[in-house]
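# Per-entry structural report
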Amino acid sequence: MNARIKRKLNSDTFYITIVYILLIFAVTLCLYPLIYVVSASVSDPKELMLGNVLLLPKGLTLRAYQSILNYENILIGYRNTVFYTCVATPYNLLLTIFAAYPLSRKNLSGRNLVTFLITFTMFFSGGMIPKYLNMVNLHLINNPLVMIIPSAVNASYFIIMRNYFTHSVSEELIESACVEGASQWQTLFQVVLPVSRPVLGVITLYYLSDHWSSYFSAMMYLKDNDLMPLQIFLRRILILQSMDGMSEGNVMEDQLLYEVLKYAVIVASTLPMTIAYLFVRKSFKKGIMIGSLKG
Amino acid sequence: MKNTPTISRNAYQPCVQAASPLQTGLRTFNKSLKLNYQLYLLLIPVIINFIIFAYVPMTGVQIAFKDYSIRKGIWGSAWCGFEHFERLFTSANFAPIFWNTLILSVLNMLFSFPIPIILALLLNEINHRVSGAFQTIFIIPHFVSVVVVVGILVAFCSPSTGVINVLLKRLNLIDESIYFTRMSQYFRPSYIISGIWQSVGWDAVIYISALSAIDPTIYEAASIDGASRFKQLLKITIPSVLPTIIIMLILKSGKIMSVGYEKVYLMQTTTTLDVSEVISTYVYKKGIGKQEFDYATAVGLFDSVINLSLLAIVNRISKKVSEVSLW
């Protein structure tokens, strides 16, 4: 008997060691690109060209970040993205609440139909071209509103929020508000929303990050340079590797600068969302776990 | 919105009695409307938004069967039957694009579906605090935009300064730089690997939450009975997350034909088109690029019909086999 327990303990230690080795390997793979990008962005471009930067920065310099500040397109992109994100996110959040709260109430007749109308759009849509023609008809092409108004409610986020309201906000709380004479709007804004902070935080983060990262709708619907969000300019710099508007005259210098500039723009464009994520990380677990359980 | 599903289901029953089901339904609705008018008011902007931006475009699908002219509009254009579909199926482009979509998607699912599950199982085995810290790290790449992910890929694969070539040369694995982004054979691996990097932590969250719902007393009982940790994994943990795995599998299979075209489009280079042209990028180029709206709509419709039928088929199979299903 004793020997059996001992054998079990031994095999468990071995098992946990393997688990840790695999996890540390995975974390390394996950972090390496992030660390490399940050290191490269503050390295001396010459060291980068020679292939001397492998993990840590060589020859610290912030020149790349300084030249970002002189690069007009990036500033335009930053301004527009901040604007679109800051206007669209509250709008999305509000409409998602407007959809999720009523449809989480069991005595609302017709709620199955409306829920079906919303979730059906997850599985079938008009497709890229009918959507585009619809925007043409609505005169939304090359109109900044196109980055804000359409797709106000994301169907999966709606489900998460509705499930949170159904399962995590106690029925008694809502009923007692009702008994005390609160109207349904008062109940929602003064009773239900204050106790739903975790899910509100998570859904806000989702919408923020979606708007921050989106490029395809801008590519489809916008034309003017002045309206373009940051991601469009990032695509030009990082993927099409064009640098119009940032030349400093000398071709060699430009080429050198480009090597670090690309990493610097990656950092500058990604940092805000990463910080936002780390900020709401705590409510993250509560918010989505409960919401997604019956997703 | 005035009809509840209950009404439509009962509408054909004979209305002999004074209070027919239809009337009862309407009465319930009226009562609910009086009681809940504030809630209905909240729903109105949502419904309007869905009608304008989701359901009106669905009516635009009809141009797949029409000879669309901008002047006559969607409803005014003349019908032309299956002309666009014939053109698609007889086009020399069709077979390669269809297979590219399918292969990329299936390969992607083969690798990126099980890895988050494995990660969740691993994270479930270790100390909670450490596991929480690891989760936070794994999720960070999810907040990196797809443009930046592809941008990092291009930068890392650059033949002159890219770190991948630098590392391979340092390790003496290659003598000459490889131009990864320009070579077709590297397109699919780099698509899949970068995708896993970006989404593995995120996709694992749902399994982690399913795992955290398992009753810990089961493990205690198993432990007292002398089951090793590995045996507990096989006999308790995996069976408990299986329903979640199946639901996710159904959802994913409904998207088989719609690969992440935003990313594919970003990763495409002229020299890799033979493997990287997929249905949705083709729709974009034909529709928005060449303004062949009706043809592009037909191609897109073909795509979503396949998706929808796959979803229905897999859902039905799963309902039969495991009693887990979406509807």
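Residues numbered from 1 in each chain as written. Chains lettered and ligands numbered in written order. Predicted model: local features only at pLDDT ≥ 70, side-chain atom pairs only at ≥ 80, totals over all residues. Heavy atoms only, no water.

### Comments concerning the overall build of chain B
Within chain B, the secondary structure is distributed over 16 helices and 2 strands. Taken over C-alpha atoms, the radius of gyration comes to 26 Å for chain B, far larger than the 20 Å a tight globule of 327 residues would show. Seen through its principal axes, chain B has C-alpha atoms that stretch 85 × 70 × 40 Å. Per-residue burial for chain B yields a buried fraction of 50% across its 327 residues. (Helix = DSSP H or I, 4+ residues; strand = E, 2+ residues; numbered from the N terminus. Rg over C-alpha atoms; globule rule 2.2 N^0.38 Å. Buried < 20%, exposed > 50% of the residue type's maximum accessible area, 1.4 Å probe, protein only.)

### As for the pattern of salt bridges
All names here are of chain A. Evaluated as defined, the whole model comprises 6 salt bridges over all chains. Here Arg105 and Glu171 are joined by a salt bridge, their closest N and O atoms 2.9 Å apart. One end of the pair, Arg105, is in the loop between α4 (72–104) and α5 (111–123); the other, Glu171, is in helix α8 (residues 171–179), with 66 residues separating them in the sequence. Between Lys262 and Glu259 there is a salt bridge whose closest N-O contact spans 3.3 Å. Within this pair, Lys262 and its partner Glu259 are both found in helix α13 (residues 251–293), separated by 3 residues, close to a single helical turn. According to the relative accessible area criterion, Lys262 is buried, its value standing at 5%. (Salt bridge = Lys/Arg side-chain N within 4 Å of Asp/Glu carboxyl O.)

### Comments concerning the interface of chain A and chain B
Note on interface size: it is often stated as the accessible area lost on association of the parts. With 100 residues of chain A in contact, the opposing surface of chain B contributes 98 residues. Taken together, the two surfaces of chain A and chain B that pack against each other cover about 8,800 Å², and 75% of this comes from carbon and sulfur. Counting across the chain A and chain B interface gives 0 salt bridges. For the side of chain A that touches chain B, a count of residues per class yields 67 nonpolar, 23 polar and 10 charged. (Contact = heavy atoms within 4.5 Å. Buried area = accessible area lost by both parts, 1.4 Å probe. Nonpolar A, V, L, I, M, F, W, Y, C, P; charged D, E, K, R; others polar.)

### Focus on the confidence of the model for chain A
When the pLDDT values of chain A are averaged, the result is 88; 93% of them are 70 or greater. The spread of mean pLDDT over the elements of chain A runs between α13(A), the lowest at 80, and α4(A), the highest at 95. (pLDDT = per-residue confidence, 0-100.)

### Digging into the nonpolar core
The biggest cluster of nonpolar side chains holds 181 residues, and the ones touching the most others in it are A:Leu23, A:Ile118, A:Met161, A:Ile203 and A:Tyr215. Looking at this core, the element that brings in the most residues is α13(A), giving 13 residues. In this structure, A:Tyr215 is in contact with A:Gln231, A:Ile232, A:Arg235, B:Val146, B:Val147, B:Glu262, B:Tyr265 and B:Leu266, ignoring residues within four places of it in sequence. (Core = buried A, V, L, I, M, F, W, Y, C linked by side-chain atoms within 4.5 Å.)

### A closer look at a nonpolar patch on the surface
Taken together, the side chains of A:Leu94, A:Trp185, A:Phe189, B:Tyr37, B:Leu41, B:Ile44 and B:Ile48 make up a nonpolar region of the molecular surface, amounting to roughly 640 Å² of accessible area. Listing elements by their share of the nonpolar patch, those giving two or more residues are α9 (184–192) of chain A together with α2 (21–59) of chain B. By residue number, the principal contributor to the nonpolar patch is α2(B), which donates 4 residues. Along the chain, B:Leu41 falls in helix α2. (Patch = residues over 30% accessible without salt bridge, like charges linked within 9 Å, V, L, I, M, F, W, Y side chains within 5 Å. Areas by Shrake-Rupley, 256 points an atom, 1.4 Å probe, with all protein chains shown as cover.)

### What about the environment of B:Ile152?
Residue and element names in this part refer to chain B. With respect to the helices and strands, the residue Ile152 is situated in helix α8 (residues 146–157). The buried category is assigned to Ile152, whose relative accessible area is 7%. Separated by 10 residues in sequence, Ile152 and Gly162 place their C-alpha atoms 9.6 Å apart.

### Section: the packing of aromatic side chains
Counted under the stated rule, the structure contains 35 aromatic pairs over all chains. Here the aromatic rings of A:Tyr32 and A:Tyr36 are separated by 6.1 Å at their centres, their planes lie at 40°, and the arrangement is tilted. Of this pair, A:Tyr32 and A:Tyr36 both sit in helix α1 (residues 2–41), 4 residues apart, which is roughly one turn of the helix. Its relative accessible area of 23% is what places A:Tyr32 among the partly exposed residues. When the ring of B:Phe89 is compared with that of B:Phe94, the centres are 5.2 Å apart and the planes differ by 75°; the resulting orientation is edge-to-face. With a relative accessible area of 18%, B:Phe94 lands in the buried category. Here the aromatic cluster, defined as three or more aromatic residues joined through ring pairs, consists of A:Tyr157, A:Tyr206, A:Tyr207, A:Tyr277, B:Phe143 and B:Trp202. The side chain of B:Arg87 reaches across the aromatic face of B:Tyr295, ending 3.7 Å from its centre. The residue whose ring lies beneath B:Lys263 is B:Tyr191, and the NZ or CZ to ring-centre distance is 4.5 Å. (Phe/Tyr/Trp six-rings, centres within 6.5 Å; stacked < 30°, edge-to-face > 60°. Lys NZ or Arg CZ within 6 Å of the ring centre and 35° of its normal.)

### Points about the environment of A:Lys282
Residue and element names in this part refer to chain A. Mapped onto the elements of the fold, Lys282 is located in helix α13. Classification of Lys282 by relative accessible area gives exposed; the value is 71%. A sequence separation of 174 residues divides Lys282 from Leu108, and the C-alpha atoms of the two residues are 33 Å apart.

### As for the environment of A:Leu103
Mapped onto the secondary structure, A:Leu103 falls in helix α4. For the pair A:Leu103 and A:Ile159, spaced 56 residues apart in sequence, the C-alpha separation works out to 9.8 Å. For A:Leu103, the residues in contact, after removing those within four places along its chain, are A:Leu108, A:Arg111, A:Val114, A:Thr115, A:Ile118, A:Phe158, A:Arg162 and B:Leu43.

### Quick word on the packing of helix α12 (residues 230–239) of chain A against α8(B)
Contact geometry for α12(A) and α8(B): axes closest at 9 Å, N-to-C directions at 10°. Considered as vectors, α12(A) and α8(B) are oriented roughly parallel to each other. Contacts between α12(A) and α8(B) involve A:Gln231, A:Leu234, A:Arg235, A:Leu238 and A:Ile239 from the first element and B:Val147, B:Val148, B:Val150, B:Gly151 and B:Val154 from the second. Considered class by class, the residues forming the contact of α12(A) with α8(B) number 7 nonpolar, 2 polar and 1 charged. (Axes fitted to C-alpha atoms, helices over the stretch in contact; angles between N-to-C directions. Parallel < 35°, antiparallel > 145°, perpendicular 65-115°, else oblique.)

### So, the packing of helix α5 (residues 94–112) of chain B against helix α6 (residues 114–125) of chain B
Residue and element names in this part refer to chain B. Running from amino to carboxyl end, α5 crosses α6 at an angle of 10°, the nearest separation of the two axes being 4 Å. Classified by the angle their axes make, α5 and α6 are roughly parallel. Where α5 approaches α6, its residues Met109, Leu110, Phe111 and Ser112 are matched on the opposing element by Pro114, Ile115 and Pro116. Looking at the contact of α5 with α6, its residues break down into 6 nonpolar, 1 polar and no charged.

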